[in-house]
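# Residue-level structure breakdown
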Amino acid sequence: MGPPPDSARSLLGLAGRYRNELGLAIAIVLVLGITLIFNQDYLKNPGQNVKDILQQTSLLGIFALGAAIVIISGGIDLSSGSVIVLCGSVCALVMLVLAPYDIFKGTYNVRDVGLAVVLLAIFTAVLTGFLVGTFHTWLITVIKLPPFVATLASLVGLRSLAKILNQQVTAQLGNEQTTVRADDVTFGLLRQWWVALLVFLVLGFLCWLLMNRTVIGRHLYAMGGNEEAARLSGIRVERLKWLAYSLGGMTSAIAGVLFVAKIGSANPSTLAVGYELNAIAAAVVGGCSLQGGVGLIPGVMLGVLFLRVVIDAVAKVVRAGSDDYQGLIVGFLVVLAVAFNELRRQAGGQRKELFPGLLGLVTIPILALLAGIVVYDLSGPTARGLQSGGIAAVCTLVVLLVCKFLQGRRQATG
Amino acid sequence: MPELKSIIPAIAIRHVSKRFSGVVALDDVSIDIMTGELHAICGENGAGKSTLMKILAGVITQYEGELRIRGMPRHFRDTRQAEEAGISIIHQELNLVDQLSAAANIFLGREMSGRGGWIHNRRMEQAAQQLLDELECPIDPRQPAGELRVGDQQLIEIAKALSLRSEILIMDEPTSALTEAEVERLFRVIGRLRKRGVTILYISHKMDEVFRLADRITVLRDGQLVKTLPRHETTRTEITHLMVGREIESVHFPEPRQPGDVVLEVQGLSRAWPGHARQWRLRDIHFQLHRGEVLGIAGLMGAGRTELLECLFGAATDPLEGRILLNGSLVLFRHPAEALAAGIGLVGEDRKRLGLFAQLSVRDNINVCTLHHTTTVGLLSGPRQRRQAEQSVERLAIKTAGVEAPITSLSGGNQQKCILGRWLLTNPDVLLLDDPTRGVDVGAKAELYRLMDQLCRQGLGIILTSSELPELLAVCDRILVLSEGRQTAEFRRNEATEQKIMEAATARVGGA
């Protein structure tokens, strides 16, 4: 066989460079295809299904972009979920406080606050996100807190702050509440499915431009890979961190505004709980390394889509609340994605024993138990469910034990 | 040379080959290491020395060929098996847990425990003390390893090997980070180990050491065995010749350079060291650097060489005293970015930690300081980035598969050239080179020297530090000697000798 022609080679090179993105795209198509085989729900109302998936993907994707940039720059932002709540609450509160007084009815007209107030509310929310990011940067670069600690403090603290703020302001207006309504008509337009998608795509494009085509972006990659070398190359690492964490805060703020618009209220107890981990998971599935310096924006966007598609597919197949399975799926996919990369990196023609020694022996029943529980739950609360769960567990156990035994023997002889 | 005790070699390496995803690292190598001998392995970077050592130490477990230890065929699956067979390796990058005490490090993984499984610290400390005394290592076994000097840390690794009763010791570039005194101590330790009958495999670039210590010398090149020679039947020139496969050009430059105007002047520079017995990292440094001149900074480890360069580059975070004049005007850099803008570049001493961006390509590593030259309307332009990097690759003769190749695919010397290229793109007036040839092979060193000479002739001022005196003597026009943060001597090229510099570098500086 002769060498491949130039065009084919450059295509191969492209495929090699975007291996991760290509893999994700194929995986997305595969998951959709398999779901269609088992379940025709998608076909009953295809338009609505697509809209739902895209809106949810976009809402998660918006702040996953910020989280990814922080991760690429060598940090971590655990605060997204709470920043979403705080900024969403701030947005709702601004509209509540500035609602015009209706002289005829003798009440504040919260249903129609006007475009100017809505814009001001959104601006204030994004500004709040910027301030939170700035505060993180100060804690990290001046006080020298590890990013994990600084943003963990925000994760815990800001949700509480949002609650207090809501109660205090509503009490002052005469009716103390934790949840603040945001049902202005103009603001409600943001709940359209395509708004989130448009914001996500525009933000994604801007982030790609920033990371791939500007000096600042290249410096962010450099800093994430080797901060000390970046400083000695004359890069102002403090400023870059300021940018990264501000973007983390501001993208969360934008997501917060859209969430509040979608739900019609800001409730600090339930809104966006645990979302920060979904964002980090999406970034990791999308190819970012938590060590920093690695990851592409298109990969992150596909990672988010993949995550949502799988969650949705499982929900469709199982016909249960997708929320119940969401955590399990996200956890599973993160392990799978990182393990896949890790194993590919280590693959030096060397076959690896997956269940070595005592650790392997104890891990096998754990996996069998997991498989049993999942199958049991999927079969519904019947006697047969318990049975099939048991069978699944035993099968898994046997298969893995045989696998361990065979691998162990190959190691001994090979 | 002690008599060889037995005909059966301590280690017999037979037709060993190793490939890394298509690249041949070792190609059918066979060597006999006799019991009790000190066998030096020489070769340029990438010659296959480390691969061979890793196979012997059980780090690399997949290879072709056979290994016999004292006549017995062995195939190590991990380092523990190698240790049990009596082989210990002292890596170039030491493997110590900084937070644990010296004693805990020596017995790491084999802790002594008393009744009931409780760990027996006192007994370990006593045993460690004994081992350390034997090695002339004057440290407290309870001191955390991270607080010790590199030379002492290395002795801890050797103590560990002794505690394992290893009969075969592999040392990978053991003197690369040691002061002259520590090197002497290490050589005494090696002598004592040999009296005990320990077989030593000694890997080094440095011909002085190899010819002082070795019984036999094996040269590897490009993964192949070139030759094994008894020391007294060969010469340094022959070995270096075998290593590079070509004559190294002399690093002595044919015509003297003509220094120009003063480009950098330092007046009474001091840098405090709060909480340290010495009080000053640097105290009262004065010198001038001319254009077209290489100024060497000599000194032992801890003398303040790196600290001085950090001050000049704005990388020192603590306040300074004194004045720095660049092209006649007073400068005060608070960040490397300001030094860069003013025309100063620094190639740091630890390439991996301070210079390389391992995740980025050759192109990005070269361009990182001057990316703003490669933009059109604020956006990076692919072709311009490539062109700028390609020009540097060409100018510095960097050996790479292309500018898009990962920087980690290059050899140490070529990586260093990329970093040099990065700074040359900033058009500096002054280049600060902190031990730039560390871990760089002989051929690439000569090229770096030639490059420095060429840059000087173009009007650059260079300040060079090095842990190797012959290098400074060969390259520098003037040499400044530091000892404990103070300037103890300055020599012109024609008056400097190793003797004089060592005297100045070890000069005792009166109390603080």
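Residues numbered from 1 in each chain as written. Chains lettered and ligands numbered in written order. Predicted model: local features only at pLDDT ≥ 70, side-chain atom pairs only at ≥ 80, totals over all residues.

For chain A, the helix and strand inventory stands at 17 helices and four strands. If you line up chain A on its principal axes, its C-alpha atoms span 90 × 65 × 45 Å. Classification of the 414 residues of chain A by burial places 40% in the buried group. Sequence separation of 24 or more characterises 75% of the internal contacts of chain A that already satisfy a separation of 6 or more. (Helix = DSSP H or I, 4+ residues; strand = E, 2+ residues; numbered from the N terminus. Buried ≥ 20, exposed ≤ 12 C-beta atoms within 10 Å, placed from the backbone. Contact = placed C-beta atoms within 7 Å.)

A count of helical and extended segments in chain B gives 17 helices and 22 strands. Computed over C-alpha atoms, the radius of gyration of chain B comes to 25 Å, within 12% of the 24 Å expected from 2.2 N^0.38 for 512 residues, which places it in the range of a compact globule. Each principal axis of the C-alpha atoms in chain B carries an extent, and together these give about 70 × 55 × 50 Å. Here chain B holds 512 residues, and the buried ones make up 46% of them. (Rg over C-alpha atoms; globule rule 2.2 N^0.38 Å.)

Let us look at the domain arrangement of chain A. Buried accessible area, meaning the area lost when the parts come together, often serves as the stated size of an interface. Partitioning chain A into structural domains gives domain 1 (45-339) and domain 2 (357-413). One C-alpha centre belongs to domain 1 of chain A, the other to domain 2 of chain A, and the line joining them spans 38 Å. (Domains from an automatic or database assignment.)

Attention now goes to the interface of chain A and chain B. On the chain B side, the residues contacting the 19 residues of chain A number 25 residues. For the side of chain A that touches chain B, the secondary-structure elements that each account for two or more residues are α10 (215-225) and α11 (227-232) of chain A. Sorting elements by how many residues they give to the side of chain A that touches chain B places α10(A) first, with five residues. Partitioned by chemical class, the residues of the side of chain A that touches chain B number six nonpolar, eight polar and five charged. (Nonpolar A, V, L, I, M, F, W, Y, C, P; charged D, E, K, R; others polar.)

What follows concerns α10(A). Of all 11 residues in α10(A), nine are buried, a share of seventy percent or more. Among the residues of α10(A), those classed as buried are G217(A), R218(A), H219(A), L220(A), Y221(A), A222(A), M223(A), G224(A) and G225(A). Contacts from the buried residues of α10(A) go to α4 (46-72), α9 (193-213), α11 and α12 (237-263) of chain A together with α12 (362-367) and β18 (379-380) of chain B.

Now for the environment of L455(B). Secondary-structure assignment places L455(B) in helix α15 (residues 442-457). Leave out the neighbours within four places in its chain, and L455(B) touches L431(B), L460(B) and I462(B).

Residues and elements named next belong to chain A. Position of D184 relative to the elements: it lies in the loop between β3 (180-181) and α8 (185-188). With 25 C-beta atoms counted inside 10 Å, the residue D184 sits in the buried group. A C-alpha to C-alpha distance of 8.4 Å links D184 and G264, two positions 80 residues apart in sequence. If near-sequence neighbours (up to four positions away) are discounted, D184 is found in contact with M95, V110, R111, D112, V113 and V118.

What follows concerns the environment of E83(B). All names here are of chain B. Within the fold, E83 resides in helix α2 (residues 79-84). In this structure E83 comes out as buried when scored by C-beta crowding, with 21 C-beta atoms within 10 Å. Spatially, the C-alpha atoms of E83 and R142 are 25 Å apart, while their sequence positions differ by 59 residues. Beyond its immediate stretch of four places on either side in the chain, E83 contacts S88 and L164.

Our next topic: the sheet that holds strand β7 (residues 168-172) of chain B. All names here are of chain B. Read across the open sheet, the six strands follow the order β6-β7-β8-β3-β9-β10; overall the sheet is mixed. Since the sheet does not close on itself, it has two edges, and those belong to β6 (87-90) and β10 (224-230), each with one partner. When strand polarity is set aside, the average angle formed by the axes of neighbouring strands in this sheet is 20°. In this sheet, β10 lies alongside strand β9 (residues 216-221) in antiparallel orientation, the contact comprising six bridges. Bridging across to β10, V219 finds its partner in K227. Docked against the sheet, helix α1 (residues 49-56) engages β3 (38-42), β6, β7, β8 (199-203) and β9, running at close to 150° with respect to β7. (Pairing = 2+ DSSP bridges. Axes fitted to C-alpha atoms, helices over the stretch in contact; angles between N-to-C directions.)

All names here are of chain B. Counted residue by residue, β8 has five buried out of five residues, so it is predominantly covered. What you see with β8 is no split at all: T199, L201 and I203 on one side and I200 and Y202 on the other are buried throughout. As paired elements, β3 and β8 share four bridges and run parallel to each other. Following the sheet pairing, I41 is matched in β8 by I203.

On to the confidence of the model for chain A. Taken over all residues, the pLDDT of chain A has a mean of 88, while the share at 70 or more is 92%. Taken element by element, the predicted model of chain A shows its lowest mean pLDDT in helix α1 (residues 6-17) of chain A (67) and its highest in α12(A) (97). (pLDDT = per-residue confidence, 0-100.)

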